[in-house]
Each structure stands twice: as structure tokens, then as C-alpha cells.
Amino acid sequence: LPDSNFHSIRLDYNGALTGNDQRLKVYLDGVQQTLAFTGTVPATLDSANGFNFGGLWTSHDVFDFDGYVFEAMIRSPVFTPTEATDVEAYILAKWG
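It should be emphasised that the depicted structure is a prediction, and the values quoted were computed from it without experimental measurement.

Caption draft 1: Here's a closer look at the pairing of strand β2 (residues 24-28). Pairing analysis gives five bridges linking strand β1 (residues 9-13) to β2, with the strands arranged antiparallel. In the strand pairing of β2, Tyr-13 is matched with Leu-24. Two elements, β2 and strand β3 (residues 31-32), share two bridges in a ladder whose sense is antiparallel. Bridge pairing links Leu-28 to Val-31 in β3. The hairpin formed by β2 and β3 contains two residues between the paired strands, and Asp-29 there has a positive phi angle of roughly 55°.

Caption draft 2: View of the environment of Ala-36. Of note, Ala-36 is situated in the loop between β3 and β4 (57-59). For Ala-36, a relative accessible area of 80% puts it in the exposed group. Here the alpha-carbon distance between Ala-36 and Asn-20, two residues 16 residues apart in the chain, equals 9.3 Å.

Caption draft 3: How the structure looks around the side chain of Arg-23. With respect to the helices, strands and loops of the structure, Arg-23 is situated in helix α1 (residues 20-23). Buried and unpaired, Arg-23 has no salt bridge, with Asp-21 as the nearest side chain of opposite charge at 9.0 Å. In terms of polar contacts, Arg-23 uses its side chain to reach the backbone carbonyl oxygen of Gly-15, at 3.4 Å. Those residues in contact with Arg-23 that sit more than four places away from it in its chain are Asp-12, Tyr-13, Asn-14, Gly-15, Leu-17, Thr-18, Thr-40, Val-41, Pro-42 and Ala-43.

Caption draft 4: Spatial organisation of the sheet that holds β3. Strand order in the open sheet made by the three strands is β1-β2-β3, with antiparallel pairing throughout. The open sheet has two edge strands, β1 and β3, and neither has a second partner.

Caption draft 5: Seen up close, the layout of surface pockets. Approximately 160 Å³ is the volume found for the second largest pocket. Along the walls of the second largest pocket sit 13 residues, with Asp-12, Leu-17, Lys-25, Val-78 and Phe-79 positioned nearest its centre. Counting only elements with at least two residues in the lining of the second largest pocket, the list comes to β1, α1, β2 and α2 (81-95). Along the lines of polarity and charge, the residues of the lining of the second largest pocket split into six nonpolar, three polar and four charged.

Caption draft 6: Here's a closer look at the environment of His-7. Topologically, His-7 is positioned in the segment before β1. In this structure the C-alpha to C-alpha distance between His-7 and Leu-28, which are 21 residues apart in sequence, comes to 7.0 Å. In this structure the side chain of His-7 is engaged in a polar contact, spanning 3.0 Å, whose partner is the side chain of Asp-3. A distance of 2.8 Å separates the side chain of His-7 from the side chain of Asp-29, its partner in a polar contact.

What counts, and where the lines are drawn
- Residues numbered from 1 in each chain as written.
- Predicted model: local features only at pLDDT ≥ 70, side-chain atom pairs only at ≥ 80, totals over all residues.
- Heavy atoms only, no water.
- Pairing = 2+ DSSP bridges.
- Helix = DSSP H or I, 4+ residues; strand = E, 2+ residues; numbered from the N terminus.
- Buried < 20%, exposed > 50% of the residue type's maximum accessible area, 1.4 Å probe, protein only.
- Lys, Arg positive; Asp, Glu negative; His and termini not counted.
- Salt bridge = Lys/Arg side-chain N within 4 Å of Asp/Glu carboxyl O.
- Polar contact = N/O pair within 3.5 Å; in protein donor to acceptor, adjacent residues only side chain to side chain.
- Contact = heavy atoms within 4.5 Å.
- 1 Å grid on protein atoms, 1.4 Å probe; cavity = no way out; pocket = protein on both sides within 12 Å on 5 of 7 lines; lining within 4 Å.
- Points joined across faces, edges and corners; volume = space filled by probe spheres on them.
- Nonpolar A, V, L, I, M, F, W, Y, C, P; charged D, E, K, R; others polar.

Below is the structure:
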């Protein structure tokens, strides 16, 4: 994001659901974002290729990310809406 403000970004992935818009959801400051997809979000993640957090892998040694990650959490299963709201309120109160 092109500003110097704190933001909460949450991604929810659930491969058991059908349709890209159900399998992958992104929330910015608690508000669900509209996504444009190219291809299909897979039902399972490919663990052979690793997982990148905090940047976009554009080549073998380049991660285009200029900022800080203050809190990170990987959880299964995804949060319920109430849990997500509670966690985002906690993070915004702590860091925002």
C-alpha cells in the first residue's frame, strides 16, 4: 500500500470450498476485497514449491516488499467471522 499507515491484511484460504471467490478471500483493515483471478485457485497447496510470506517472488532472489510485518499467524481452520474481528481489533489496538 502506498502510504505510511498501519494496515491489517488477512488472507483466508479454504481448499474444501468451490469457486475462486470462496477458496481465497482477502481482507484489508477488516473489509473484504474484491479479487480478480487468473486461472483456478487449487484445492490443495503445493508444498514442494515452498511458501513466501511478506513479499512477491519476482525472480529467484528478489522479493518486492518494502515494509515491516509486525504480526504473522498461520492457522487451520480459518477463523470464524467473530474470531477474525476479535483478532483484527486486537492487532489494530496493539499496532495501529
